[in-house]
Amino acid sequence: MRCGKIVCVGQNYREHIKELKNEEPTEPVLFLKPSTALIGNGDPIFIPAGIGRVDHEIELALVLGRPGKNIPKDKALGHVSSVAVFNDVTARDMQNAHRKVGLPWSLCKGMDTFAPMSEPIPLSGIDDIHDLQLDLRVNGQLKQNGNTRQMIFTPETLISYISRFMTLEEGDIIATGTPSGVSPIRAGDVVEATIEGVGVLRNPVKDV
Ligand code: MG
(Lines give C-alpha, C1' and ligand atoms only; values in the text may rest on other atoms or scores of the structure.)
Protein backbone atom coordinates (compact mmCIF):
# COMPACT_ATOMS: atom_id res chain seq x y z
CA MET A 1 0.00 0.00 0.00
CA ARG A 2 1.23 3.50 -0.80
CA CYS A 3 0.45 6.12 1.77
CA GLY A 4 0.96 9.81 2.29
CA LYS A 5 2.74 11.08 5.35
CA ILE A 6 2.66 9.11 8.58
CA VAL A 7 2.10 11.47 11.50
CA CYS A 8 2.85 9.80 14.82
CA VAL A 9 1.85 10.96 18.27
CA GLY A 10 4.28 10.39 21.14
CA GLN A 11 3.37 10.20 24.83
CA ASN A 12 -0.40 9.95 24.54
CA TYR A 13 -1.02 7.38 27.32
CA ARG A 14 -0.13 8.22 30.95
CA GLU A 15 1.23 4.80 31.92
CA HIS A 16 3.58 4.77 28.91
CA ILE A 17 4.85 8.27 29.81
CA LYS A 18 5.65 6.97 33.30
CA GLU A 19 7.49 3.89 32.05
CA LEU A 20 9.75 6.04 29.88
CA LYS A 21 10.11 8.60 32.73
CA ASN A 22 8.80 11.50 30.65
CA GLU A 23 6.72 14.53 31.66
CA GLU A 24 3.07 14.59 30.60
CA PRO A 25 2.80 16.90 27.55
CA THR A 26 0.43 19.89 27.50
CA GLU A 27 0.12 19.67 23.70
CA PRO A 28 0.43 16.61 21.42
CA VAL A 29 4.01 15.48 20.69
CA LEU A 30 4.33 14.85 16.94
CA PHE A 31 6.89 13.23 14.67
CA LEU A 32 6.84 11.78 11.15
CA LYS A 33 7.75 8.44 9.64
CA PRO A 34 8.58 8.15 5.93
CA SER A 35 6.17 6.20 3.72
CA THR A 36 9.03 3.76 2.98
CA ALA A 37 8.77 2.46 6.58
CA LEU A 38 5.28 1.08 5.92
CA ILE A 39 4.78 -2.70 5.69
CA GLY A 40 1.69 -4.90 5.88
CA ASN A 41 0.40 -7.80 7.90
CA GLY A 42 2.78 -10.78 7.65
CA ASP A 43 5.74 -8.78 6.34
CA PRO A 44 8.98 -9.05 8.33
CA ILE A 45 10.31 -6.24 10.54
CA PHE A 46 14.02 -6.00 9.69
CA ILE A 47 16.45 -4.88 12.38
CA PRO A 48 19.73 -3.45 11.10
CA ALA A 49 22.90 -4.68 12.84
CA GLY A 50 24.38 -2.75 15.72
CA ILE A 51 21.47 -0.49 16.64
CA GLY A 52 20.81 -1.96 20.11
CA ARG A 53 17.37 -2.32 21.65
CA VAL A 54 14.32 -2.12 19.36
CA ASP A 55 10.81 -1.92 20.87
CA HIS A 56 7.26 -2.58 19.71
CA GLU A 57 4.50 0.00 20.29
CA ILE A 58 0.91 -0.96 19.45
CA GLU A 59 -1.19 2.01 18.30
CA LEU A 60 -4.56 2.74 16.72
CA ALA A 61 -4.00 4.22 13.23
CA LEU A 62 -6.43 6.62 11.58
CA VAL A 63 -6.39 6.73 7.78
CA LEU A 64 -7.50 10.01 6.22
CA GLY A 65 -10.18 9.80 3.55
CA ARG A 66 -10.71 13.52 3.05
CA PRO A 67 -8.13 16.32 3.05
CA GLY A 68 -8.37 19.21 5.44
CA LYS A 69 -6.70 22.20 7.09
CA ASN A 70 -7.86 23.73 10.40
CA ILE A 71 -10.33 20.89 10.88
CA PRO A 72 -12.67 21.58 13.84
CA LYS A 73 -12.92 18.84 16.46
CA ASP A 74 -16.59 18.19 15.79
CA LYS A 75 -15.86 17.53 12.09
CA ALA A 76 -12.63 15.59 12.63
CA LEU A 77 -13.91 12.02 12.39
CA GLY A 78 -15.63 12.92 9.10
CA HIS A 79 -12.12 13.12 7.60
CA VAL A 80 -11.21 9.58 8.69
CA SER A 81 -12.14 6.83 6.22
CA SER A 82 -10.69 3.84 8.02
CA VAL A 83 -8.73 2.58 10.98
CA ALA A 84 -6.01 -0.02 11.38
CA VAL A 85 -3.64 -1.66 13.85
CA PHE A 86 -0.21 0.02 13.78
CA ASN A 87 3.13 -0.86 15.35
CA ASP A 88 5.38 2.16 15.94
CA VAL A 89 8.64 0.19 15.89
CA THR A 90 11.33 2.20 17.69
CA ALA A 91 15.11 1.87 17.99
CA ARG A 92 14.97 2.68 21.72
CA ASP A 93 18.69 2.88 22.54
CA MET A 94 19.17 5.25 19.62
CA GLN A 95 16.13 7.29 20.62
CA ASN A 96 17.38 7.67 24.20
CA ALA A 97 20.86 8.66 23.01
CA HIS A 98 19.44 11.17 20.54
CA ARG A 99 16.94 12.56 23.05
CA LYS A 100 19.72 13.21 25.55
CA VAL A 101 21.53 15.51 23.13
CA GLY A 102 18.42 17.06 21.59
CA LEU A 103 18.58 15.27 18.23
CA PRO A 104 15.39 14.42 16.29
CA TRP A 105 13.71 10.98 16.21
CA SER A 106 13.58 10.63 12.42
CA LEU A 107 16.10 7.81 12.21
CA CYS A 108 15.18 5.77 15.31
CA LYS A 109 11.52 5.77 14.26
CA GLY A 110 11.78 5.91 10.49
CA MET A 111 13.86 2.95 9.34
CA ASP A 112 12.57 0.62 6.61
CA THR A 113 9.86 -1.74 7.96
CA PHE A 114 9.44 0.28 11.21
CA ALA A 115 5.77 1.06 10.40
CA PRO A 116 3.80 -2.21 10.19
CA MET A 117 0.07 -1.64 9.65
CA SER A 118 -2.88 -4.00 9.21
CA GLU A 119 -5.34 -3.76 6.33
CA PRO A 120 -7.50 -0.69 7.14
CA ILE A 121 -11.19 -1.28 7.82
CA PRO A 122 -13.93 1.36 7.41
CA LEU A 123 -14.49 3.62 10.41
CA SER A 124 -18.23 3.15 9.88
CA GLY A 125 -17.83 -0.45 11.07
CA ILE A 126 -16.46 0.61 14.47
CA ASP A 127 -18.85 1.15 17.39
CA ASP A 128 -16.73 3.60 19.38
CA ILE A 129 -13.08 4.40 18.66
CA HIS A 130 -12.83 5.86 22.18
CA ASP A 131 -13.30 2.42 23.73
CA LEU A 132 -11.15 -0.11 21.89
CA GLN A 133 -9.04 -2.74 23.61
CA LEU A 134 -5.40 -2.94 22.43
CA ASP A 135 -3.29 -6.04 23.10
CA LEU A 136 0.20 -6.86 21.93
CA ARG A 137 1.90 -10.22 22.30
CA VAL A 138 5.48 -11.25 21.55
CA ASN A 139 5.76 -14.99 20.86
CA GLY A 140 2.32 -15.41 22.38
CA GLN A 141 3.23 -13.61 25.64
CA LEU A 142 1.11 -10.58 26.55
CA LYS A 143 3.21 -7.39 26.75
CA GLN A 144 0.89 -4.46 26.11
CA ASN A 145 -2.69 -4.15 27.17
CA GLY A 146 -4.59 -0.87 27.07
CA ASN A 147 -7.72 0.88 25.88
CA THR A 148 -8.14 3.89 23.61
CA ARG A 149 -10.18 5.55 26.38
CA GLN A 150 -6.85 6.10 28.20
CA MET A 151 -5.59 8.52 25.52
CA ILE A 152 -4.65 11.97 26.81
CA PHE A 153 -5.55 13.59 23.46
CA THR A 154 -8.54 12.03 21.65
CA PRO A 155 -8.48 11.27 17.91
CA GLU A 156 -10.64 14.39 17.31
CA THR A 157 -8.24 16.60 19.27
CA LEU A 158 -5.25 15.14 17.43
CA ILE A 159 -6.74 15.68 13.95
CA SER A 160 -7.77 19.21 14.83
CA TYR A 161 -4.37 20.04 16.35
CA ILE A 162 -2.27 18.47 13.57
CA SER A 163 -4.31 20.16 10.81
CA ARG A 164 -3.69 23.60 12.33
CA PHE A 165 -0.06 23.21 11.26
CA MET A 166 0.09 20.48 8.58
CA THR A 167 -2.48 20.04 5.82
CA LEU A 168 -3.87 16.53 6.04
CA GLU A 169 -4.33 14.69 2.75
CA GLU A 170 -6.21 11.62 1.63
CA GLY A 171 -4.08 8.57 2.41
CA ASP A 172 -2.24 10.17 5.33
CA ILE A 173 -1.95 8.01 8.44
CA ILE A 174 -2.10 9.21 12.04
CA ALA A 175 -0.68 6.82 14.66
CA THR A 176 -2.27 7.84 17.94
CA GLY A 177 0.24 6.71 20.58
CA THR A 178 0.93 3.59 22.60
CA PRO A 179 -0.15 2.33 26.03
CA SER A 180 2.41 0.99 28.54
CA GLY A 181 4.26 -2.31 28.29
CA VAL A 182 6.71 -1.60 25.46
CA SER A 183 9.47 -4.21 25.36
CA PRO A 184 12.34 -5.31 23.14
CA ILE A 185 11.96 -7.45 20.01
CA ARG A 186 14.67 -9.55 18.42
CA ALA A 187 15.22 -11.64 15.30
CA GLY A 188 13.15 -14.81 15.56
CA ASP A 189 10.30 -13.15 17.49
CA VAL A 190 6.75 -12.88 16.22
CA VAL A 191 4.87 -9.72 17.18
CA GLU A 192 1.09 -9.92 17.21
CA ALA A 193 -0.90 -6.73 17.79
CA THR A 194 -4.67 -6.86 18.13
CA ILE A 195 -7.24 -4.11 18.38
CA GLU A 196 -10.70 -5.30 19.22
CA GLY A 197 -12.96 -5.03 16.17
CA VAL A 198 -10.18 -3.52 14.04
CA GLY A 199 -7.91 -6.45 13.29
CA VAL A 200 -4.75 -8.38 13.95
CA LEU A 201 -1.27 -7.36 12.81
CA ARG A 202 1.28 -10.15 12.88
CA ASN A 203 4.91 -9.62 11.87
CA PRO A 204 7.99 -11.82 12.24
CA VAL A 205 11.23 -10.06 13.25
CA LYS A 206 14.42 -10.66 11.26
CA ASP A 207 17.96 -9.37 11.09
CA VAL A 208 18.75 -7.41 7.92
MG1 MG B 1 4.59 5.50 19.47
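On to the nonpolar core. Grouped together as the largest cluster of nonpolar side chains are 61 residues, with contacts concentrated most on Leu 60, Val 83, Ile 173, Ile 174 and Ile 185. It is strand 6 (residues 58-64) that provides the largest number of residues to this core, a total of six residues.

Further remarks concern the sheet that holds strand 4 (residues 45-47). Taken in spatial order, the five strands line up as 4-15-14-11-12 in an open sheet, and their pairing is mixed. Looking at strand neighbours, the two that pair on one side only are strand 4 and strand 12 (141-147), the edges of this open sheet. Direction aside, neighbouring strands of the sheet carry axes that sit 20 degrees apart on average.

Summed over all chains, the structure comprises two aromatic pairs. Considering the side-chain rings of Tyr 161 and Phe 165, the 5.2 Å spacing of their centres and the 65 degrees angle between planes classify their relative orientation as edge-to-face. With a gap of four residues between them, Tyr 161 and Phe 165 both fall in helix 4 (residues 155-165), about one helical turn apart. Looking at Tyr 161, the relative accessible area reads 14%, which means it is buried. Since its relative accessible area comes to 49%, Phe 165 is described here as partly exposed.

Here the focus is unusual backbone geometry. For Lys 21, which is not glycine, the phi torsion reads 55 degrees and is therefore positive. The backbone of Thr 113 shows a phi angle near 75 degrees, a positive value even though the residue is not glycine. With respect to the element layout, Thr 113 can be found in the loop between helix 3 (106-110) and strand 9 (115-116). We classify Thr 113 as buried; its relative accessible area is 9%.

A few words on the side chain of Asp 88. Within the element layout of this structure, Asp 88 appears in the loop between strand 7 (80-87) and strand 8 (90-91). Asp 88 has contacts with Phe 31, Lys 33, Asp 55, His 56, Glu 57, Glu 59, Lys 109 and Phe 114, leaving out every residue within four places of it along the chain.

With that settled, the discussion passes to the pattern of salt bridges. Under the defined criterion, the tally for this structure stands at eleven salt bridges. We note a salt bridge from Arg 14 to Glu 24, for which the minimum N-O separation is 3.0 Å. Here Arg 14 is found in helix 1 (residues 14-19), whereas its partner Glu 24 is found in the loop between helix 1 and strand 2 (29-33), with ten residues between them in sequence. When its relative accessible area of 41% is taken as the criterion, Glu 24 is described as partly exposed. Lys 109 is the partner of Asp 88 in a salt bridge, and the nearest nitrogen-oxygen pair spans 2.9 Å. Pair noted here: Asp 88 is in the loop between strand 7 and strand 8 and Lys 109 is in helix 3, with a separation of 21 residues, a long-range link. Note on accessibility: Asp 88 and Lys 109 belong to one class, buried.

With that settled, consider helix 4. By the criterion of burial, helix 4 is predominantly enclosed, with nine of the eleven residues buried. Looking at helix 4, one finds that the buried residues are Pro 155, Glu 156, Thr 157, Leu 158, Ile 159, Ser 160, Tyr 161, Ile 162 and Ser 163. Structurally, helix 4 contributes buried residues whose contacts are with strand 1 (6-10), strand 2, strand 6, strand 7 and strand 13 (173-175).

What counts, and where the lines are drawn
Residues numbered from 1 in each chain as written. Predicted model: local features only at pLDDT ≥ 70, side-chain atom pairs only at ≥ 80, totals over all residues. Heavy atoms only, no water. Core = buried A, V, L, I, M, F, W, Y, C linked by side-chain atoms within 4.5 Å. Buried < 20%, exposed > 50% of the residue type's maximum accessible area, 1.4 Å probe, protein only. Helix = DSSP H or I, 4+ residues; strand = E, 2+ residues; numbered from the N terminus. Pairing = 2+ DSSP bridges. Axes fitted to C-alpha atoms, helices over the stretch in contact; angles between N-to-C directions. Phe/Tyr/Trp six-rings, centres within 6.5 Å; stacked < 30°, edge-to-face > 60°. Contact = heavy atoms within 4.5 Å. Salt bridge = Lys/Arg side-chain N within 4 Å of Asp/Glu carboxyl O.

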